[in-house]
Structures are given as structure tokens and as C-alpha cells.
Amino acid sequence: MSPSACRSVGDTVAGSCREDIDECADGFVECDSKSTCVNLPGWYHCECRDGYHDNGLFSANGESCVDINECKTGRNTCANDTVCFNLEGGYDCRCPHGHNCTGDCIHDNKVKHSGQIWVLDSDRCSVCSCQAGQVMCRRMVCDCDNPNADLFCCPECDPRLSSQCLHQNGLLTYGSGDTWVENCQQCQCLQGQVDCWPLPCPPVDCEFTVVPEGECCPRCVTDPCQADTIRNDITKTCTDEHNISRFSGSSWIKHGTECTLCQCKNGHICCSVDPMCL
């Protein structure tokens with residue numbers, strides 16, 4: 001791939017071009033039939049057309065573009081009663097000889113006709129449909145203006161006072177379906193009942209972690225003595241003031257004191273004074 005040139009000497013200012021040449025529009029580039037020319041500032045490239053991908057050789061003129069077999073890769077939308085046939089740059093869904101393809105779906109060992117909509121037996125709040133042989137499921141959409149709305153699936157549509165919840169502090173009232181965070185828990189009001197579960201935290205991959213004051217999730221720290229939690233490694237021991245080896249995670253009262261507690265944290269000795277002991 002060659003960088004674009006300036007249209008004329010007069011177009012250069014301080015060694016740079018003021019106007020890009022569109023190699024694709026000007027006909028300077030002939031891309032392979034399986035690719036299309038894409039102009040970029042100062043250069044161009046031949047990009048594989050839909051239904052093709054590069055074979056890893058990355059030829060400048062697109063000769064490295066090869067057909068994608070949508071039937072083998074599963075990148076097709078053929079109904080389950082049709083057969084996928086790969087074509088150059090695409091695919092075709094064909095009905096087997098002697099069969100009458102309907103686009104119906106098989107769900108839970110039951111036949112669902114194309115266009116049919118049903119509610120899951122295991123979850124009355126999920127709606128499924130058969131679309132050209134493909135089963136599509138989604139959560140039921142709540143329309144509180146609909147007087148027939150299912151209040152079990154749409155608790156936020158329940159107008160009854162008995163469906164409201166009182167916040168833990170006793171000062172706030174929540175409607176059914178409302179959610180809030182309290183003491184590092186996610187809470188929700190469901191038809192007058194408060195249901196809470198631990199707030200999800202992103203995973204941390206480090207040796208020492210601490211939960212900062214006012215926060216709910218652990219963070220990585222480099223100072224082991226600041227850590228609330230450590231990933232104990234029993235191969236990393238500590239040597240106390242009596243030259244006794246201590247395993248990581250072990251604690252002891254420092255010799256000569258009554259209120260100084262020491263702990264081995266992966267080879268690091270961390271000591272602190274217990275104020276309740278003084």
C-alpha cells in the first residue's frame with residue numbers, strides 16, 4: 001500500500017500535503033472482486049466485502065480475502081427445518097427435497113409455529129416468540145397504564161399502599177419495585193417486603209486489599225500493614241523477636257508487652273497496640 005501523493009507541487013506546504021488524493025474515486029487502485037477500496041487520509045486499503053474475511057496474509061489488493069462458510073461457523077439465520085448451503089460471499093437456506101418447510105421452532109420438545117408468542121412455564125415474566133425458526137426470549141415489558149398488567153412481574157405498577165416499604169431508617173417510603181443501596185447491600189421493595197442482597201463488587205487480583213472507609217468494595221494496596229485481607233502464602237514466613245518462624249496469617253503478643261499484637265502477612269510483620277488493653 002503506497003501513501004497518497006500530493007496533486008501538484010503547488011499543493012505542498014512545508015513538506016506536507018493540503019489535499020488528499022482519493023485513490024478509490026480516481027481509479028488508481030484496483031481491488032480484488034472480493035474486496036472494496038476504502039480511502040483514508042494519506043493512504044488507502046482494500047477491505048474484504050461482507051461474506052469474506054482475510055486469510056491472514058493481508059494482501060494489499062484484497063487477494064487474501066476468502067469466503068466465510070456461514071453454515072460451518074453458525075453465522076446464519078436458517079430455520080431449524082431448513083438446510084444451510086454455503087455460497088460464495090453468502091449462504092442460502094433451502095428446504096430439503098420432499099419437505100414443506102414452515103419456519104416452526106422446537107422449544108421444550110414442543111412445536112411452536114412461526115410467529116407464535118408464549119410465556120415460559122418456568123418464568124411467567126419472560127415472553128418467547130418463534131421467528132423464522134429461531135426462538136427469541138425477553139423479559140416482559142411493564143406497561144403500568146395497562147389495567148391487566150401482571151403485578152407479580154411488574155411490582156412497580158402496584159398502586160396499593162400495602163405494597164410500599166419502609167426504609168431501614170424509618171424515614172423514607174419506597175413503592176413496590178423501587179431499589180436502593182444500604183450498608184453495602186442492594187435492596188428492593190417487592191409488594192411490601194424488603195429483599196436485600198450483597199452489593200456486587202468487581203474482582204480484584206492482588207496480594208493485599210482494603211475496604212476504604214465509606215466504600216463497599218475492596219481495593220488493592222501495596223502496604224501489607226494497611227490491608228484488611230491478604231492472600232495468604234504459607235511459604236512466606238516471618239521471624240519474630242525470638243527468631244521463631246511464624247506462618248503467614250498467624251498472630252502473637254509481642255514479647256515484653258501485653259497490648260501489642262503482631263501478625264505475619266506474607267513475610268511482613270505488622271504490629272499494633274490494642275487501645276482496649278491499655
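Residues numbered from 1 in each chain as written. Predicted model: local features only at pLDDT ≥ 70, side-chain atom pairs only at ≥ 80, totals over all residues. Heavy atoms only, no water.

Draft legend 1. Fine view of the overall build of the chain. Secondary structure assignment for the chain yields 2 helices and 26 strands. By the compact-globule yardstick of 19 Å for 278 residues, the chain is too spread out, its C-alpha radius of gyration being 34 Å. Across the 278 residues in the chain, those meeting the buried criterion constitute 24%. For the chain, the proportion of contacts with a sequence separation of at least 24, taken over those separated by at least 6, is 24%. For the chain, the accessible area works out to roughly 18,500 Å², and carbon and sulfur atoms hold 51% of it. For the chain, the distance from the average position of its 19 positive side-chain charges to the average position of its 40 negative side-chain charges is 4 Å. (Helix = DSSP H or I, 4+ residues; strand = E, 2+ residues; numbered from the N terminus. Rg over C-alpha atoms; globule rule 2.2 N^0.38 Å. Buried < 20%, exposed > 50% of the residue type's maximum accessible area, 1.4 Å probe, protein only. Contact = heavy atoms within 4.5 Å. Areas by Shrake-Rupley, 256 points an atom, 1.4 Å probe, with all protein chains shown as cover. Lys, Arg positive; Asp, Glu negative; His and termini not counted. Charge placed at Lys NZ, Arg CZ, Asp CG, Glu CD.)

Draft legend 2. View of the environment of Trp43. Inspection of the secondary structure assignment puts Trp43 in strand 4 (residues 43-48). The spatial distance from the C-alpha of Trp43 to the C-alpha of Cys277 is 75 Å, given a sequence separation of 234 residues.

Draft legend 3. Region of the structure containing the side chain of Thr260. Its place among the elements puts Thr260 in strand 25 (residues 260-265). Among all residues touching Thr260, those that are not within four sequence positions of it are Trp252, Ile253, Lys254, Cys271, Ser272 and Val273.

Draft legend 4. View of unusual backbone geometry. Positive phi is not limited to glycine here, since Asn183 has a value of about 50°. Along the chain, the position of Asn183 falls in the loop between strand 16 (179-182) and strand 17 (185-190).

Draft legend 5. Representation of the state of the cysteines in the model. In total, this model carries 18 disulfides according to the counting rule given. Note on cysteine connectivity: Cys78 is disulfide-linked to Cys93, with sulfurs 2.0 Å apart. The disulfide joining Cys78 to Cys93 has a torsion of about -85° about its S-S bond and is therefore left-handed. Here Cys78, found in the loop between helix 2 (70-73) and strand 7 (83-87), pairs with Cys93, found in strand 8 (residues 90-94); they are 15 residues apart in sequence, far enough to count as distant. Overall, Cys93 belongs to the partly exposed group, its relative accessible area being 32%. Between the sulfur of Cys142 and that of Cys154 lies a disulfide, 2.0 Å long from S to S. Measuring the twist about the S-S bond at about -90°, one finds the Cys142-Cys154 disulfide to be left-handed. Here Cys142, found in the loop between strand 13 (134-139) and strand 14 (165-166), pairs with Cys154, found in the loop between strand 13 and strand 14; they are 12 residues apart in sequence, far enough to count as distant. (Disulfide = S-S within 2.5 Å.)

Draft legend 6. Up close: the sheet that holds strand 25. Taken together, 3 strands build an open sheet; the order of strands is 24-25-26 and the sheet is antiparallel. Looking at the sheet topology across the chains shown, the edges are occupied by strand 24 (251-253) and strand 26 (268-273). Neighbouring strand axes in the sheet, compared pairwise and without regard to direction, differ in orientation by 25° on average. Where strand 25 and strand 26 come together, 6 bridges link them in antiparallel fashion. Bridging across to strand 26, Leu261 finds its partner in Ser272. (Pairing = 2+ DSSP bridges. Axes fitted to C-alpha atoms, helices over the stretch in contact; angles between N-to-C directions.)

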